[in-house]
Amino acid sequence: EEHAQIDNQRYRTTSFEYGLFDGNNISCWLSNDGLIVTFRKTGNSGMEWPKASGKTIDYCSGLWIIGKSPDGDVCTACAQYSSEFQPGIILSNGAPDDPSRPLYRIYKINSDGTGDWDEWPFDIGAPALKAKDGSDSLDANGLKIPRLVGDQTIWWVMNDGDEAAHNNIFATKPLGIEVRVLIYGYNHEPLSDVMFIEWTLKNKSAIDYDSLYV
């Protein structure tokens, strides 16, 4: 595991982990506080293409969610150079879990059998392989099988429940949203130059938001 502290006042100080998508012609550094491309690891652009060419195409990128509460408040959960997200789930009482727990790291599996196959965190929402009837596919030992999409799949879970984390971008109240991030790619044409990102959003607050934009 690799953790870092960002001390510059522009960035929220928290524990986070880097992960690398390198399943095809793209090399992209990620972080589990919401950045799907991060400059923090390299000190420069976070995405290189073609891989190992020294050519970069994206400095920093992340998910933005903006919604309006019934009383008219605009609330955000955004990641750019700083982030309003932190690693981990939102508990049943509505509070975010401890973001520094090792459980909330970035997980990666590959089609060649390497990676976190034996540590895939089904209990916190990591996707399982499904049978045609929608039930979980099971291996010979009756255990769930991680869902591999393409030749490399990366997964983590995060939330925007830390109110202090919202001070560095738009200074709104948290949405109380939990986000499960699935990133994958194929190492063959015509998709070998594509990195797919799939977000699953779960409203863990007691508020029904109107006009929600992603």
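For the structure itself, look to the data block above.
These remarks concern the structure in this document. Please read all numbers here as calculations on a predicted model, not as lab measurements. (Residues numbered from 1 in each chain as written. Predicted model: local features only at pLDDT ≥ 70, side-chain atom pairs only at ≥ 80, totals over all residues. Heavy atoms only, no water.)

Structural notes on the overall build of the chain
A count of helical and extended segments in the chain gives 0 helices and 15 strands. In terms of overall size, the chain behaves like a compact globule, its C-alpha atoms giving a radius of gyration of 18 Å where 214 residues would be expected to give roughly 17 Å. Each principal axis of the C-alpha distribution contributes one length, and for the chain these read about 50 × 45 × 30 Å. Here the chain, with 214 residues, has 43% of them falling under the buried criterion. For the chain, the proportion of contacts with a sequence separation of at least 24, taken over those separated by at least 6, is 55%. Taken as a whole, the chain presents about 10,700 Å² of accessible surface, with 48% of it coming from carbon and sulfur. Here the chain contributes 18 positive and 31 negative side-chain charges, whose respective centroids are spaced 2 Å apart. (Helix = DSSP H or I, 4+ residues; strand = E, 2+ residues; numbered from the N terminus. Rg over C-alpha atoms; globule rule 2.2 N^0.38 Å. Buried < 20%, exposed > 50% of the residue type's maximum accessible area, 1.4 Å probe, protein only. Contact = heavy atoms within 4.5 Å. Areas by Shrake-Rupley, 256 points an atom, 1.4 Å probe, with all protein chains shown as cover. Lys, Arg positive; Asp, Glu negative; His and termini not counted. Charge placed at Lys NZ, Arg CZ, Asp CG, Glu CD.)

Points about a nonpolar patch on the surface
Where nonpolar side chains cluster on the molecular surface, the patch consists of Leu201, Leu212 and Val214 and spans about 260 Å² of accessible area. Along the chain, Val214 turns up in the segment after β15 (210-213). (Patch = residues over 30% accessible without salt bridge, like charges linked within 9 Å, V, L, I, M, F, W, Y side chains within 5 Å. Salt bridge = Lys/Arg side-chain N within 4 Å of Asp/Glu carboxyl O.)

Remarks on the packing of aromatic side chains
Summed over the entire model, instances satisfying the criterion amount to 9 aromatic pairs. Between Phe39 and Tyr81, the aromatic rings sit 5.7 Å apart at their centres with planes inclined by 65°, giving edge-to-face as the arrangement. Taken together, the residues span a long stretch of sequence, with Phe39 in the loop between β4 (35-37) and β5 (47-48) and Tyr81 in the loop between β9 (74-78) and β10 (86-87) at a distance of 42 residues. By relative accessible area, which is 8% here, Phe39 ends up buried. Take Tyr81: its relative accessible area is 43%, and that puts it in the partly exposed class. Each residue in the set Phe39, Tyr59 and Tyr81 is aromatic and connected to the rest through ring pairs, giving one cluster. Its end group placed over the ring of Phe16, Arg40 keeps NZ or CZ at 4.5 Å from the ring centre. (Phe/Tyr/Trp six-rings, centres within 6.5 Å; stacked < 30°, edge-to-face > 60°. Lys NZ or Arg CZ within 6 Å of the ring centre and 35° of its normal.)

Regarding the pairing of strand β12 (residues 152-159)
Taking burial as the measure, the 8 residues of β12 include 8 buried ones, the bulk of the element. Neither face of β12 is left uncovered, since the one carrying Gln152, Ile154, Trp156 and Met158 and the one carrying Thr153, Trp155, Val157 and Asn159 both have all their residues buried. Bridge count between β10 and β12: 2 bridges; the pairing is antiparallel. Bridge pairing in β12 places Gln86 opposite Asn159. Note that strand β11 (residues 107-110) and β12 share 4 bridges and pair antiparallel. (Pairing = 2+ DSSP bridges.)

So, the sheet that holds β15
Across the sheet, 3 strands lie side by side as β9-β8-β15; this open sheet has antiparallel pairing. Sheet topology places β9 and β15 at the edges, where each strand pairs with a single neighbour. Here the strands of the sheet are splayed against their neighbours by 10° on average, with no regard to which way each runs. Strand direction decides the pairing type here: strand β8 (residues 64-68) and β9, joined by 5 bridges, are antiparallel. In the sheet register, Gly67 faces β9, and the bridge partner there is Cys75. (Axes fitted to C-alpha atoms, helices over the stretch in contact; angles between N-to-C directions.)

Quick notes on the pattern of salt bridges
Counted under the stated rule, the structure contains 11 salt bridges. The partner of Asp136 in a salt bridge is Lys130, with the nearest N and O atoms 2.6 Å apart. Measuring nitrogen to oxygen at the nearest pair gives 3.8 Å for the salt bridge that ties Asp136 to Lys144. Ionic contacts of the salt-bridge type, sharing partners, join the residues Arg105, Asp116 and Glu119 into one network.

In short, the description is geometric, and any link to function would need to be established separately.
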